[in-house]
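Spelled out, the chains give:
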Amino acid sequence: MSRHSPFHERTAALCTSYRWKEWAGYHAVCSYDTSVEREYFAFRHAAGLLDASPLIKYDVRGPDAAAYLSRLSVRRIDKLAVGRVVYCCWVDDRGHVIDDGTIARLDEDAYRVTTGEPELWWLEQNRRGYDVSVEETTHRYGVLALQGPSSGAILSAVTGTDLTGLRYFGLTSARLADRDVLVSRTGYTGDLGYEVWVEAEHALPVWDTLMTEGRAYGIVPAGLDALDVTRIEAGYLLLGIDYKSAPRCLIDAQKSSPYEIGLGWMVQLDREPFIGQAALRAEKERGSEWALVGLDVSWTALEALYERHGLPPSLATHAWRTAAPLYDGKRQIGQATSGTWSPTLKRNLALATVRRGYDRVGTRIEIETTVEYRRHTIPATVVDRPFFDPERRRS
Amino acid sequence: MAHYDAIIIGGGHNGLVSAAVLAKAGRKVLVLERRHVLGGAAVTEEIYPGFKYSVCSYVVSLLRPEIIRELQLPRFGLEILPLDCSFLPLPDGRSLARWGDAERTRAEVSKFSARDAERASQFGHAMVRMGQLVRPILKMVPPSPGSMNPSQLLDLLQLGRRFQGLGPEGLALATKMMTMSAADFLDEWFESEALKAPMSVSGIIGTFQGVRSPGTAYVLLHHYMGEIDGAYRSWGFAKGGTGAISNAIADSARHFGAEIRTEAPIGRVRIEGGKATGVILENGDEIAANVVVSGVDPHRTFLGLVGEEHLDPDLVKRIRRFKMRGSSGKVNLALDRAPSFTCRPGDGPHIRGDIAIAPSIDYLERAYDQAKYGEFSTRPYLNVVIPSLTDPSVAPPGKHVMSCFVQYAPYRIKEGPEHWPEKREAFGDTVVDTLEEYIPDIRDIILHRQVLSPWDLEQEFGLTEGNIFHGELSLEQLFFLRPTADWSRYRTPVRHLWMCGSGTHPGGGIMGAPGWLAAREMLRAGGV
């Protein structure tokens, strides 16, 4: 049975669609309205408020915390300054990705790690020899993602602090509704956005204050469906969908290295030993079998295909995550793992894993699509990720 | 002397689309705009400090997705927020909100008529079928019906096939759509006034006709297309107001190399030996170009910039007959707080879309009656939007801008159009009086009011007779008849002079299609 988030009282009252799903053992709202549009556009044009409390959290403390996390991660953590957050992934000995998430440096010897799946076993397993403690704190905090162009103005107003100066991936403490909160300039929408961390017992007043004060700035409570559209526009991966967690795979073919899922940029090979180092070095030298790419699926071709059936073109209003095969002629060369119609870009987007050689921007391939129960293929082009990258995300 | 491949007259959104398409194809392009801001009628101006009005056009109707993609408009700042609701407040305290979500709409409509609630989805299906017929037309350069040119014949043949493919029932429906009035057509489907009245107004926006005038049913379809476009549906607000669309297109055009000048009013098109060779600015400067492309309306293009002396008298006659007849005005308000309607209080999602003051078919027809005899309606049809509820960037926090499209406001009032300035404020009062019946405290929350009569639209924005679509969107002025038979393919009798504005197919609204089709036709034809 799923748990209630500390904001449940408020989210449940607003969720008129009754559309919920399970997220890491919690009830989570898919969309408050039956339609996802209003929430999506809040993320892109004003501010969407998403209950992200189910995010799995571990607090890592102790004098060796920096060294310990550096050994675990594909990028250096010991250089991370207090008040900074970093996006990271973790691999096993063979260089296969276990999970991805963020690491925030709260203090000299204190870090907070977030993951997509529960990874305590792994954090514990590798703790030997380090003077650190690892504690799961998922249930102790409520987390609200406030994302969108007006998120900075709202948070500045409710905290009485100018947070617009908080840099991308920065972290600061603040007072909100007379409670201590942490505010990080992070998110999963590819837009200007923040996450607010509050102790669970103080969750409701924080929600109420944000909703009341945010009204003038167009705040809208938003669910996971809207988030899914924005994260694909931003080109962000989803564990379990766009790649699989290595220890949860039954066969090797399901596993991926960071290089194969577009996270090669974060791998820092030349440093103290870290888990997976040798395997990753070897892969870098020999080249990877697979690559993760962004696809622009031809709208003109889709429209023409529907037209042949005498139908107007139609697309799901939600992002999809039922994989579709990709072809070069008759040869299957990969799969699109998730995708969406981008209401902002007016383009039909997908994230895909393709064989080496098909990952160059501009490469034309074909994607399977079904119209009236019949299978067809239509052209798709490899394009740059992120698909949508407003300046305000980093500025 | 500077020489360009193409000079575009007018920096309205269609002119800018043409400029961007031509520049992207490698042509040297210059856009000349008379005003200090770009956008023509798609313009955002901060008339009152802190409040950004979409001064004229206020929603994006059918901005073509292919234009958005090809010109990379999101990269240049274009963001469109769809309208999720159409709200109808009624004076008797009832109200109807129609939502993007069909089930919610059904529940709302069934308060008025259970039968209508069920019929709505069937009506939707019928419109989808009709939309299938019209959609390709919107993307096509109109073929001349008498043409023997093979590619045009092919287009005509394909059109014929589409009609044939409709079957007897579909053909009957199509014929009805093209001949009936909006009110009669809707009568065949629905019984409740609360549904019919706000739907029927789509048939009359921007025309000098009433909801009971034959031929208005067809325009319903154009409106409906925006709604049934599903995933790529495009009725919405542009973030930052409609001027943001023009600016995004302008930035795209500049990115591809086009040059754009404002405050550069043009006196004449330079015509030598029956050919357009450039333009002569009001200040006397001459700029040469291979082609000149007019984004302004047909009246202004032919009777103003070209001049009758260069035209066949028969064409002059036809252009004079091309119906401009502005019938609407605009009132923009800055509000101290969000308005609250008596019939459904609060600033909930019901007022975040468009709001129609159109309580009944009779109300609308009475509004037209007054206009027929040269008066503005004392109780006009209003189409109200409050974009700041969705896009907080257009007003200070907690404050709002309210845009009211007002019909009827005939250009030719009985005293004569030049007397509009004396009537302007009385006209504005009428709008506020009308609103007050639904929002009792509206007067207390108005911080600033801007009133635009059709006369103002003509003087300030160059829209002849204040017609917002560069000529009525009535059947006899559409497709291969826009603006006249023989000259519906963006060409003009003056060689190297082209048209790309809303006065050409497929017409007005922030669609971009005329500019897009015109530029592509020029590139296809060569010479630019």
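Residues numbered from 1 in each chain as written. Chains lettered and ligands numbered in written order. Predicted model: local features only at pLDDT ≥ 70, side-chain atom pairs only at ≥ 80, totals over all residues. Heavy atoms only, no water.

**Considerations on the packing of aromatic side chains**
Centre-to-centre distance and the angle between the planes together describe a pair of aromatic rings.
All names here are of chain B.
Phase 1 of the analysis: Counted according to the given criterion, the structure contains 20 aromatic pairs over all chains.
Phase 2 of the analysis: Ring centres of phenylalanine 376 and tryptophan 420 lie 5.9 Å apart, and the angle between their planes is 25 degrees; on these two criteria the pair is classed as stacked. You can see phenylalanine 376 sitting in the loop between α13 (361-372) and β15 (381-385) and its partner tryptophan 420 sitting in helix α14 (residues 420-436), a full 44 residues away along the chain. The same class applies to phenylalanine 376 as to tryptophan 420, namely buried.
Phase 3 of the analysis: Pairwise contacts between aromatic rings join Phe123, Phe185, Trp189 and Phe190 into one cluster.
Phase 4 of the analysis: The ring of tyrosine 4 has lysine 28 sitting right over it, with the charged end atom 4.8 Å from the ring centre. (Phe/Tyr/Trp six-rings, centres within 6.5 Å; stacked < 30°, edge-to-face > 60°. Helix = DSSP H or I, 4+ residues; strand = E, 2+ residues; numbered from the N terminus. Buried < 20%, exposed > 50% of the residue type's maximum accessible area, 1.4 Å probe, protein only. Lys NZ or Arg CZ within 6 Å of the ring centre and 35° of its normal.)

**What to know about the packing of helix α8 (residues 193-200) of chain B against α13(B)**
Two numbers describe a pair of packed helices, the interaxial angle and the distance between the axes.
Residue and element names in this part refer to chain B.
Phase 1 of the analysis: Running from N to C, α8 and α13 point in directions that differ by 35 degrees, and their axes come no closer than 8 Å. Of α13, the residues touching α8 (which contributes Glu193, Lys196, Ala197 and Ser200) are Ile361, Asp362 and Leu364.
Phase 2 of the analysis: Of the residues assigned to the contact of α8 with α13, the class counts are 3 nonpolar, 1 polar and 3 charged. (Axes fitted to C-alpha atoms, helices over the stretch in contact; angles between N-to-C directions. Contact = heavy atoms within 4.5 Å. Nonpolar A, V, L, I, M, F, W, Y, C, P; charged D, E, K, R; others polar.)

**Describing the domain arrangement of chain A**
All names here are of chain A.
Phase 1 of the analysis: According to the domain assignment, chain A consists of domain 1 (8-56 + 139-222) and domain 2 (289-391).
Phase 2 of the analysis: Measuring from the centre of the C-alpha atoms in domain 1 to the corresponding centre in domain 2 gives 31 Å.
Phase 3 of the analysis: Listed as interface residues are 8 residues of domain 1 and, on the opposing side, 7 residues of domain 2.
Phase 4 of the analysis: Taking both sides of the interface into account, the surface hidden between domain 1 and domain 2 amounts to around 570 Å²; carbon and sulfur atoms contribute 52%. (Domains from an automatic or database assignment. Buried area = accessible area lost by both parts, 1.4 Å probe.)

**Overview of the pairing of strand β10 (residues 171-176) of chain A**
Residues and elements named next belong to chain A.
Phase 1 of the analysis: Sheet analysis places β10 next to strand β11 (residues 179-184), joined by 6 bridges and oriented antiparallel. Among the inter-strand pairings, alanine 174 is bridged to a residue of β11, identified as valine 181.
Phase 2 of the analysis: In textbook terms, the turn of a hairpin is the stretch between consecutive antiparallel strands, and for β10 and β11 this stretch comprises 2 residues, one of which, alanine 177, has a positive phi near 55 degrees. (Pairing = 2+ DSSP bridges.)

**Some thoughts on the environment of Leu156(B)**
Residues and elements named next belong to chain B.
Phase 1 of the analysis: Along the chain, leucine 156 turns up in helix α5 (residues 150-165).
Phase 2 of the analysis: Under the relative-accessibility criterion, leucine 156 is labelled partly exposed at 23%.
Phase 3 of the analysis: A sequence separation of 10 residues divides leucine 156 from glycine 146, and the C-alpha atoms of the two residues are 9.8 Å apart.
Phase 4 of the analysis: When sequence neighbours within four positions are dropped, the list of residues in contact with leucine 156 reads Pro143, Ser144 and Pro145.

**Points about the sheet that holds β10(A)**
All names here are of chain A.
Phase 1 of the analysis: If you walk across this open sheet you meet the 6 strands as β10-β11-β12-β9-β3-β13, and the pairing is mixed. Two strands close off the open sheet at either side, each with one partner strand: β10 and β13 (219-221). When strand polarity is set aside, the average angle formed by the axes of neighbouring strands in this sheet is 25 degrees.
Phase 2 of the analysis: Both strand β3 (residues 47-51) and β13 contribute to a ladder of 3 bridges, which runs parallel. Across the sheet, residue leucine 49 finds its bridge partner in β13, namely proline 221.
Phase 3 of the analysis: Sitting on the sheet, helix α2 (residues 37-45) is in contact with β3, β9 (141-147) and β13, with an inclination near 115 degrees to β3.

**Observations regarding the packing of helix α4 (residues 114-138) of chain B against helix α6 (residues 167-179) of chain B**
All names here are of chain B.
Phase 1 of the analysis: It is the contact of α4 with α6, at a shortest axis distance of 11 Å, that shows an interaxial angle of 80 degrees. As the angle between them shows, α4 and α6 are arranged roughly perpendicular. Contacts between α4 and α6 involve Ala126, Met127, Met130 and Leu133 on the former and, on the latter, Gly170, Leu173, Ala174 and Met177.
Phase 2 of the analysis: Within the contact of α4 with α6, the residues separate by chemical class into 7 nonpolar, 1 polar and no charged. (Parallel < 35°, antiparallel > 145°, perpendicular 65-115°, else oblique.)

**Overview of α14(B)**
Owing to its 3.6 residues per turn, the α-helix aligns residues three or four sequence positions apart on the same side.
Phase 1 of the analysis: For α14(B), which comprises 17 residues, the first-to-last C-alpha distance of 24 Å matches the rise-based estimate of 24 Å (1.5 Å per residue) to within 8%.
Phase 2 of the analysis: Of the positions making up α14(B), those classed as buried are Trp420(B), Phe427(B), Gly428(B), Thr430(B), Val431(B), Val432(B), Thr434(B) and Leu435(B). (Expected span 1.5 Å × (residues − 1).)

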